Each structure stands twice: as structure tokens, then as C-alpha cells.
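# Inside the fold
The residues making up each chain are set out below.
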Amino acid sequence: MSVDSFPPSVSRHWTSGHSTEAVWFWASPLLYAGLACAVACSVLLLVNRYKDRKPPRGIELDA
């Protein structure tokens, strides 16, 4: 048996030379898609946070 944590993989190796995978084929793409979505959402939240920010009092911006 061999186990990898990232990307998730659990393989069983039999004495006959046959091996089976215990982790479904869609687990790794789903993991990467979730990670990409989390990063994109975090970036969008930070961009929107600083875009609507008002300047401190006493500082005038030229329009």
C-alpha cells in the first residue's frame, strides 16, 4: 500500500501485480478547483475592500 497526501492517493499493490486506487479520479481536480476558487475569492475581496476605501481626513485628492 502506498499513500500520498497531496494530491490525495491511496494505491493498493497486490502480489499478482495488480494495483487499485482507493481515491476517486475526481478528487484531485476538485481539490485544485477549490483551492483556485478560494484564492480568486480572497483576491476579489481584497480588491473591493481597498477600492471603496475613503482617504484619511486632512488628505485631499486632486480630481
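The text that follows walks through the structure, step by step, so that each part is easy to find. Everything numeric here is computed off the predicted structure, so don't read it as measured data.

Further remarks concern the overall build of the protein chain. Check the secondary structure of the protein chain and you find one helix and three strands. Reading the secondary structure of the protein chain in the N-to-C direction produces β-β-β-α. Counting the 63 residues in the protein chain, one finds 6% classified as buried. Put simply, of all contacts in the protein chain between residues at least 6 apart along the chain, 9% involve residues at least 24 apart. Surface summary for the protein chain: the accessible area is close to 6000 Å², and the carbon and sulfur share equals 63%.

Here the focus is the packing of aromatic side chains. Working definition: an aromatic ring pair is given by the centre-to-centre distance plus the angle between the planes. In this structure the tally under the stated criterion is one aromatic pair. Seen from their ring centres, Trp-24 and Trp-26 are 5.4 Å apart, and the 25° between their planes marks the pair as stacked. The class for Trp-24 is exposed, based on a relative accessible area of 61%. Overall, the relative accessible area of 41% leaves Trp-26 in the partly exposed class.

So, about the environment of Ser-19. Note on placement: Ser-19 falls in strand E3 (residues 19-21). Residue classification places Ser-19 among the partly exposed residues on the basis of a relative accessible area of 40%. Distance in space between the C-alpha atoms of Ser-19 and Met-1 is 9.1 Å, their sequence separation being 18 residues.

The rules we used
- Residues numbered from 1 in each chain as written.
- Predicted model: local features only at pLDDT ≥ 70, side-chain atom pairs only at ≥ 80, totals over all residues.
- Heavy atoms only, no water.
- Helix = DSSP H or I, 4+ residues; strand = E, 2+ residues; numbered from the N terminus.
- Buried < 20%, exposed > 50% of the residue type's maximum accessible area, 1.4 Å probe, protein only.
- Contact = heavy atoms within 4.5 Å.
- Areas by Shrake-Rupley, 256 points an atom, 1.4 Å probe, with all protein chains shown as cover.
- Phe/Tyr/Trp six-rings, centres within 6.5 Å; stacked < 30°, edge-to-face > 60°.

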